[in-house]
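Structural characterization, general
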Amino acid sequence: MSISFQPNDPAVIASRISRRRWLTGAGCLAMSVAGCETRRETYASYQVAGPSMAPTLWGPSVQFSCTACEVRIRVDAEHWRSIQSRMATSGMPTRSAPRCWHCGTLVDLESASSLTRINPDVVTVVATPARQIQSRLDKGEKPLVVVKREGSVHIKRLLAGPGQIVTADSDGRMFVDGDAIAISDSPHVPIDLDDNRLGKIASRWSSPIGTWWRNQRGIWSGANGNADPDRGIAWLVYEHRNVYRGNVVSRVLDDCPANLGLNRRLNPVDEIGLTFVIQPRPGIDAEVAQADKLVHAMVWTESGIRVVSSSVPDQSDEGGVTIEFTPQDFREGETITETDVATEAMPALSPTSPIAIGLNPRAVMNAQRLQLWRSIAWLAPAQSCWELQADEWFAAGDNVPVSVDSRTWGPVQTDQIVGICQPNDRSVTTKLND
């Protein structure tokens, strides 16, 4: 991703400066602050340009709602213009026509009339000695940095540093020194938003034994008169579908909403996260066992099924209680066997039904806003290997299929790193009139 210099004087009119001059100016500034081992910290502000760090950071972008499920879709402004141009000249929709990542509905050109334009993110770059950058990596961080390369400047994420080995397995999954790459501050890349599956758009969650039922507002209630109060924990099970292949049942894939209409191979996702809201039943029966006052989540992984739990509070505010289970939570969860599943009447999970929520209707009145998401996962050509030498670093963009980075360039040198990037000013939203 390229980034452009943001003048300190807000009165400077950006439209008078071409994109090429913005990038040139940024490159000159980069040369003036790179490698400042003995100087005081040097700061510079940059505007992000391009899609290679989405959804972490955005250049100029547009946002609109799907006409069917009303999910908000955000894409790079230049990418959107190319989509409009392609759709205007292609006539009837084709298999490659852009579809909503959530429900598969073809994107309507009329959506252009309701577009919202979002200004680019602005970041502050701090010229940082290599030893401090290395310290950040040693702590398990994966900082964003600005890199100067061949006269252009780019913002990327540092995944590894000198002495480390970056590899990709036979499926292209990337590792550093044999460990999977994970970042604590990864944005949630959405997989499914149950609140946006209403009317003709069916929910992907179901209650196998019918204890939970879903109303027209997407709220799952355990107050069904047919529910057996003595049954204890009852499960909601998720089944994934591929909206680009006629909504067929499939594994969860690494789709990225930011890459609307991008024709590429999608890869299976190894880890997922789950967020939802519960409303505890008022005055939970004192006779309900403490074990039944737990919220459970089961997840299928290639190394086995794991389960994690969270306590149901005795009371909550009007909005309910938000429960979140992260990929890290599932990695640290208890592994259960097929025998455990059969004994405890747990649902049988699989690659296409990878997750389930267990609730006791006597402790939980309802559940809503079920959201399935994933963290950013980096891929590279299968069996790749980079052994980083002294002064070599591996940098990659968060928009994995779009970014051009060390997977293509090879490692970057210490003197190419301008400094560590910090978020400075979030985007300002304005109405798009053109």
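Please refer to the structure placed before this passage.
This report concerns the structure included in the present document. (Residues numbered from 1 in each chain as written. Predicted model: local features only at pLDDT ≥ 70, side-chain atom pairs only at ≥ 80, totals over all residues. Heavy atoms only, no water.)

1. Observations concerning the sheet that holds strand β13 (residues 205–206)
The condition is simple: What makes two strands pair is DSSP finding at least two bridges between them. Under the scheme used here, helices are H or I runs from DSSP no shorter than 4 residues and strands are E runs no shorter than 2 residues, and both carry numbers assigned from the N terminus.
Spatial strand order, β13-β16-β24-β20-β21-β23: six strands in an open sheet with antiparallel pairing. Looking at strand neighbours, the two that pair on one side only are β13 and β23 (334–336), the edges of this open sheet. Two strands pair when backbone bridges link them, and strand β20 (residues 294–301) and strand β21 (residues 304–311) are joined in this way by eight bridges, in the antiparallel orientation. Across the sheet, the residue bridging to L294 is S311, located in β21.

2. Re the nonpolar core
Which entries qualify depends on this criterion: Within this scheme, the nonpolar core is defined by two criteria: the residues are buried Ala, Val, Leu, Ile, Met, Phe, Trp, Tyr or Cys, and they are joined through side-chain atoms within 4.5 Å. Relative accessible area decides the class of each residue, using a 1.4 Å probe on protein chains only: under 20% of the type maximum gives buried, over 50% gives exposed, and in between gives partly exposed. For this analysis, residues touch if any pair of their heavy atoms sits within 4.5 Å.
The biggest cluster of nonpolar side chains holds 30 residues, and the ones touching the most others in it are W205, L274, F276, I278, I357 and L359. If you list the elements that add at least two residues to this core, you get β16 (234–238), β19 (273–280), β20, β22 (321–325), β24 (355–359) and β25 (364–374). Ranked by residues supplied to this core, first place goes to β25 with four residues. With near-sequence residues (within four places) excluded, I357 lies in contact with W205, A234, W235, L236, L274, F276, V295, H296 and L370.

3. Looking at the sheet that holds strand β9 (residues 165–168)
Here four strands make up an open sheet; going across it, the order is β11-β10-β9-β26 and the pairing antiparallel. Each edge of the open sheet is held by one strand with a lone partner, namely β11 (179–180) and β26 (385–387). Pairing of β9 with β26, which is carried by three bridges, proceeds in the antiparallel orientation. Counterpart to I165 in the pairing with β26 is E387.

4. Overview of helix α3 (residues 130–138)
Formally: Directions from the helix axis toward the C-beta atoms define the arc.
For α3, the full list of buried residues reads A130, I133, Q134 and L137. Mapping the buried residues of α3 onto a view down its axis gives an arc of 100°, with all of them on the same face. For α3, exposure combined with an orientation more than 90 degrees from the buried face picks out R131 and D138.

5. Observations regarding the pattern of salt bridges
One side chain can pair with another of opposite charge once the charged atoms of both are near each other. Note the threshold: By definition here, a salt bridge exists when the distance from a side-chain nitrogen of Lys or Arg to a carboxyl oxygen of Asp or Glu is within 4 Å.
This model, assessed by the stated rule, comprises 16 salt bridges. The salt bridge partner of R197 is D192, with a shortest N-O separation of 2.5 Å. Comparing R197 with D192, the two get one shared label, buried. The salt bridge involving E271 is made with R331; its shortest N-O contact spans 2.6 Å.

6. Details of the environment of S65
Basically, it comes down to this: A 3.5 Å cut-off defines polar contacts: any pair of N or O atoms within that distance qualifies, except that in protein one atom must be a possible hydrogen donor and the other a possible acceptor, and neighbouring residues in sequence count only when both atoms are side-chain atoms.
Within the secondary structure, S65 is located in strand β3 (residues 61–65). Sequence-wise, S65 and S114 are 49 residues apart; in three dimensions their C-alpha atoms are separated by 8.1 Å. At 2.9 Å, the side chain of S65 forms a polar contact with the side chain of R72.

7. A few points about the environment of V312
With respect to the helices and strands, V312 occurs in the loop between β21 and β22. We classify V312 as buried; its relative accessible area is 7%. C-alpha separation for the pair V312 and I278, spaced 34 residues apart in sequence, amounts to 8.5 Å.

8. Digging into the side chain of Q279
Structurally, the position occupied by Q279 is in strand β19. A relative accessible area of 15% places Q279 in the buried class. In this structure Q279 touches S316, D317, E318, G319, G320, V364, M365 and N366, once residues within four positions along its chain are discounted.

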